[in-house]
Amino acid sequence: MPLSLRLAPSPTALSPTTGGFSPAKKQCRIPSYSGVATTTRRIGFCSLDYVKRGDSSVVRCSLETVNVSVGQVTEVDKDTFWPIVKAAGEKIVVLDMYTQWCGPCKVIAPKYKALSEKYEDVVFLKLDCNPENRPLAKELGIRVVPTFKILKDNQVVKEVTGAKYDDLVAAIETARSASSSG
C-alpha cells in the first residue's frame, strides 16, 4: 500500500500588507519535525506558480504528493527524507546511505532491492551521500559507506556499517520483532 504525504503552504505566505499573496514571497513553509518550522527557497517537491490577474499578481503554491511504495527502494534526498520517514508512521524504515563510487555499495544494492521485495511491511529508502546531501548524512552520523540506518517512530533504532548482508537482515528482523511485540 503506497504511503502519501501532502504538504500545505504556510499561512505566512499571505501578505498582511496587501491582504493577499505577495508576489515578493518566493517560498513555501515546510514544518520540520523538531516542532520548528523551516523556510527554504527551493524544495524538491514544492514549486510556485505566478498568475497575473488584472493589475495584481497572485502566487500559488503547487505541491506534489510524495509517494512511497512498499516492495521497492525509494531514492531520497536531504529535502524528502524526513517527510517520508514521518509519513511512514508506525512502519519500520531502512535507509541505505551510499555513494556512486563505492564498490561494496554497488555489490549490496541488488540484495537490498531484494529485501525491499521480501519485507513488504518495511519502507526501504536510499540516500546518495553526495555533497548536496552532506547535511543529512552529517545529521545521521555517517562515517563509512555503505551504512544502513533502521528507524522506528522517527528515531534510529539500529545501524549496520559496511556491506554486511547477514547483519542487515538480522537488524531488520530484530526491529520487526520489537515492533510487533511493542
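As shown above, the structure is provided for reference.
This section reports on the structure supplied with the text. Counting restarts for each chain: residues are numbered from 1 in the order of the written sequence. This being a predicted model, a pLDDT of at least 70 is required before a residue's local features are given, and a value of 80 or more before pairs of side-chain atoms are given or counted; all residues contribute to the totals for chains, interfaces and linings. Water and hydrogen atoms play no part in the side-chain values, which are based on all heavy atoms of the structure.

**Some points on helix H1 (residues 81-88)**
So the rule is basically this: Buried, partly exposed and exposed residues are distinguished by accessible area as a fraction of the type maximum, computed with a 1.4 Å probe on protein chains only: under 20%, between the cut-offs, and over 50%, respectively. Put simply, DSSP marks the helices as runs of H or I at least four residues long and the strands as runs of E at least two long, and each gets a number from the N terminus on.
For H1, every residue scored as buried is listed here: Phe81, Pro83, Ile84, Val85 and Ala88. Just past H1, the residue Gly89 takes up positive phi, approximately 60°.

**Points about the nonpolar core**
Most often, soluble globular proteins keep nonpolar side chains buried together rather than apart. We count it as follows: Joining through side-chain atoms within 4.5 Å is the link that ties buried Ala, Val, Leu, Ile, Met, Phe, Trp, Tyr and Cys residues into a set, and such a set is a nonpolar core. Here, two residues are considered to be in contact whenever any of their heavy atoms come within 4.5 Å of each other.
Core analysis: the biggest nonpolar cluster contains 18 residues, and Val76, Phe81, Val93, Leu95, Met97, Leu125 and Leu127 have the highest contact counts within it. Secondary-structure elements contributing two or more residues to this core are H1, strand E8 (92-98), strand E9 (122-128) and helix H3 (134-139). Looking at this core, the element that brings in the most residues is H1, giving 4 residues. For Phe81, the residues in contact, after removing those within four places along its chain, are Val76, Leu95, Leu125, Leu136, Leu140 and Leu151. Core analysis: the next-biggest nonpolar cluster, separate from the first, contains 16 residues, Ile92, Ile108, Tyr119 and Ala175 among them.

**Topic: the packing of aromatic side chains**
Note the following rule: Any two of the Phe, Tyr and Trp rings considered here, Trp counted by its six-membered ring, make a pair once their centres fall within 6.5 Å; the pair's planes then place it as stacked at under 30 degrees, edge-to-face at over 60, or tilted in between.
The tally for this structure, following the rule as stated, stands at 3 aromatic pairs. Measuring from ring centre to ring centre gives 4.8 Å for Phe81 and Trp82, while their planes differ by 70°; the resulting arrangement is edge-to-face. Ring geometry for Tyr112 and Phe148: centres 5.6 Å apart, planes at 40°, overall tilted. You can see Tyr112 sitting in helix H2 (residues 103-118) and its partner Phe148 sitting in strand E10 (residues 147-152), a full 36 residues away along the chain. A relative accessible area of 1% places Tyr112 in the buried class. The class for Phe148 is buried, based on a relative accessible area of 0%.

**A short note on the state of the cysteines**
Quick note on the threshold: Pairs of cysteine sulfur atoms within 2.5 Å are what we label disulfides.
Per the stated rule, a full pass over the model turns up 1 disulfide. The side chain of Cys102 participates in a disulfide bridge whose partner is Cys105; the two sulfur atoms lie 2.4 Å from each other. Judged by the sign of its S-S torsion, about 80°, the cystine formed by Cys102 and Cys105 is right-handed. In terms of burial, Cys102 and Cys105 fall into one category: buried.

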